[in-house]
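# Coordinate analysis (summary)
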Amino acid sequence: MTEDTQARIGQIVRDHDVVLFMKGTPLFPQCGFSSRAVAILQHLNVEFDSVDVLQDQAVRQGIKQFSDWPTIPQLYVKGEFVGGSDIMMEMFETGELAQLFEAKGVVGAN
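Residues numbered from 1 in each chain as written. Predicted model: local features only at pLDDT ≥ 70, side-chain atom pairs only at ≥ 80, totals over all residues. Heavy atoms only, no water.

### Some words on unusual backbone geometry
For the peptide bond that leads from I72 to P73, omega is 15°, which places it in the cis range. Backbone geometry places D68, a non-glycine residue, at a positive phi of 60°. Within the fold, D68 resides in the loop between helix 3 (57-67) and strand 3 (74-77). (Helix = DSSP H or I, 4+ residues; strand = E, 2+ residues; numbered from the N terminus.)

Take a look at the structure:
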């Protein structure tokens with residue numbers, strides 16, 4: 001894991017209000033967990049950027065160290081790590097995720 005990769009991941013997280021590190025793309029998720037994460041964000045009408053970790057092995061490994069979280073997908077909102085698809089699902093079901101987007105000033109969470 002290079003400092004370069006960590007810096008690159010940090011820049012991506014800082015540059016985007018909402019970013020999902022996932023397997024595949026929002027149009028073609030490559031795993032069920034990534035698909036579920038995309039569906040949750042789309043349901044909340046949240047605009048988000050995504051990073052396909054399958055396209056970059058350094059990022060695929062590096063994101064796990066960056067967040068100290070072992071699985072993908074990973075959601076970041078305004079630079080803050082939120083969690084993976086299970087945490088997103090729990091937060092979605094309780095309304096917590098919509099509240100988080102609202103509190104962070106991310107448009108569309110309705």
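### What to know about the packing of helix 2 (residues 32-43) against helix 4 (residues 85-94)
It is the contact of helix 2 with helix 4, at a shortest axis distance of 9 Å, that shows an interaxial angle of 30°. Judged on the interaxial angle alone, helix 4 and helix 2 are roughly parallel. As for the relative orientation of helix 2 and helix 4, their crossing is left-handed in sense. In contact with F33, R36, A37, I40, L41 and H43 of helix 2, helix 4 contributes S85, D86, M88, M89 and F92. (Axes fitted to C-alpha atoms, helices over the stretch in contact; angles between N-to-C directions. Parallel < 35°, antiparallel > 145°, perpendicular 65-115°, else oblique. Left-handed = near helix turned anticlockwise from the far one by under 90°. Contact = heavy atoms within 4.5 Å.)

### Details of helix 2
A rise of 1.5 Å per residue sets the reference length of helix 2, with its twelve residues, at 16 Å; its end C-alpha atoms lie 16 Å apart and thus fit the reference within 8%. Those residues of helix 2 lying buried are S34, A37, V38, I40 and L41. The arc that holds the buried residues of helix 2, viewed along the axis, is 160°, so those residues lie on one side. What points out from helix 2, more than 90 degrees from its buried face, is the exposed set G32 and H43. For helix 2, the elements touching its buried residues are strand 1 (18-22), strand 3, helix 4 and helix 5 (96-103). Immediately downstream of helix 2, the backbone of N45 shows phi near 55°, a positive value. (Expected span 1.5 Å × (residues − 1). Buried < 20%, exposed > 50% of the residue type's maximum accessible area, 1.4 Å probe, protein only. Arc of directions from axis to C-beta.)

Geometric descriptors of this kind do not, in isolation, establish any biological role.
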